[in-house]
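Secondary and tertiary structure notes
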Amino acid sequence: MFSRFIDNDNSPVVLRNVDRLAWGRLVSNACYRFAPPFVAVIARGLHVTVGQLGIALMIGEFAGLLSPVIGRRIDRSNRLAGMTFGMSGLFVSVIGAAVSPNIVVFTVSMFVLSASKVVFDTALIVWVNDHVPYERRGQVVGVIETSWALGLFIGVSAMGLVTALTNWRAGFGLGALMMLLTGALILQRLPHHEAHAPATEHASARIPRNGWLVVAAFFMLLGAAQTVGIVFGPWFEDNFGFSSGALVGVVVSMGFVELVGSIGSSRVVDRWGKENAVRRGTVLMFVTCVVMALGQNVTFVAVPMVVLFFLGFEFGIVCLLPVAANIVPGASGVGLGTAVGAGTFGRAVMSSIATNLYDAVGPVGPAVLGAGMAIAAGVLVTAYRNSVSGTRS
């Protein structure tokens, strides 16, 4: 399914395994992305407010602060062992969320889920870096990153449909089952001998000064996505009377446009230049945030703008990932782990800020905040590109 979209002259081990890795990433993304669209539903089930559940998700996202440590560890370790550990943690944490009797257990489960996903994602991307040259990496990463959109389009939609028919706990249960199946497929098929760290890895490498611009861009980009992603569910329920089933329809639409963004970025990122492609995504995010703030009470304005916002985000994040993985040449896990950590920290901070901002002033607050963070991400990426160009000249 996924391998048909990458060039046939990639290494055989990449061509043989890209499908199962992308499916594993799809399911992990679905489990990770399930809670925000249904934050109001889950909050009611746990007998807490949306703001309180936002704090729980914020605490969970703080697991991203472990990313630099995880990245250094994976640079020295077998990539498959890292993926196995991550997938096991994902399965256990999703089960924990499904059976959580109160907000405390749910928060712990979200923390373990976030940490486990960092392990899995970092090991997977570093495995790709081991086998694909940088000048061609944008295509392969872009194809695998369609799993972010498909995780929403297929995974979250399926989990949301189960939620609409039964309850949110069953939705998490479906995610755990899918994680178990895809994890078993990866463990059974991915060759162990192709997953060892190269002898040249130097995990003690440090991020250069200009590399921190990319790290900060991750914080802004993922933080912006969270400000909108965590409030559109209660926003559409409160302002437009959307049910869980209607929210599933929005999620399907978001997943579709994100898929378009992933496929489009994988085709043009190496030709346009990765940083230029990121900037174009952030511009779309900014424009849609402004329009959704102005049309916050108009269904046919607000809903399409939220959907298009995530088109811009998907385009930007797919193009930024290979940049982050290359800021420390020879130690991909260090740069990627730190950048992902910053991104998840941005999601953590915005989980609480956005939900409480929504409670205080409505959807206009998160929309304006998202617009500002999107522009900041574009500025940071531009500064990084200029610094690299200056160094090369």
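All of these numbers come straight from a predicted model, not from anything done at the bench. (Residues numbered from 1 in each chain as written. Predicted model: local features only at pLDDT ≥ 70, side-chain atom pairs only at ≥ 80, totals over all residues. Heavy atoms only, no water.)

**Considering helix H1 (residues 12-33)**
Taking 1.5 Å of rise per residue, the 22 residues of H1 would be expected to cover 32 Å, and the 32 Å separating its terminal C-alpha atoms lies within 8% of that figure. The element H1 is largely enclosed, with a buried count of 17 among its 22 residues. (Helix = DSSP H or I, 4+ residues; strand = E, 2+ residues; numbered from the N terminus. Expected span 1.5 Å × (residues − 1). Buried < 20%, exposed > 50% of the residue type's maximum accessible area, 1.4 Å probe, protein only.)

**Regarding empty space enclosed by the protein**
Counted under the stated rule, the structure contains 3 cavities of 30 Å³ or more. By volume, the largest cavity amounts to about 280 Å³. Taken together, 20 residues line the largest cavity, and the ones lying closest to its centre are Arg25, Lys117, Asp121, Leu222 and Val340. Counting residues per element, the ones that place at least two in the lining of the largest cavity are H1, helix H6 (103-131), helix H10 (211-229), helix H14 (299-324) and helix H15 (332-361). No other element matches the 6 residues that H6 contributes to the lining of the largest cavity. Broken down by class, the residue content of the lining of the largest cavity amounts to 11 nonpolar, 4 polar and 5 charged. If you add up the space inside the second largest cavity, you get close to 130 Å³. If you trace the second largest cavity, you find 13 residues lining it, with Arg33, Pro36, Gly229, Phe310 and Arg347 closest to the centre. Elements with a minimum of two residues in the lining of the second largest cavity: helix H8 (146-165), H10 and H14. The dominant element in the lining of the second largest cavity, judged by the number of residues it contributes, is H10, at 3 residues. (1 Å grid on protein atoms, 1.4 Å probe; cavity = no way out; pocket = protein on both sides within 12 Å on 5 of 7 lines; lining within 4 Å. Points joined across faces, edges and corners; volume = space filled by probe spheres on them. Nonpolar A, V, L, I, M, F, W, Y, C, P; charged D, E, K, R; others polar.)

**Observations regarding the packing of H10 against H14**
Axes are the key here: two packed helices are described by the angle between their axes and the distance separating the axes. Running from N to C, H10 and H14 cross one another at 160°; their axes reach a closest spacing of 10 Å. By the angle between their axes, H10 is roughly antiparallel relative to H14. As H10 packs across H14, the resulting crossing turns out to be left-handed. On the side of H10, the interface is formed by Val214, Ala217, Phe218, Leu221, Leu222, Ala224, Ala225, Val228 and Gly229, while H14 contributes Val306, Phe309, Phe310, Phe313, Gly316, Ile317, Leu320, Leu321, Val323 and Ala324. In the contact of H10 with H14, the residues fall into 17 nonpolar, 2 polar and no charged. (Axes fitted to C-alpha atoms, helices over the stretch in contact; angles between N-to-C directions. Parallel < 35°, antiparallel > 145°, perpendicular 65-115°, else oblique. Left-handed = near helix turned anticlockwise from the far one by under 90°. Contact = heavy atoms within 4.5 Å.)

Nothing here speaks to function; it is geometry throughout.
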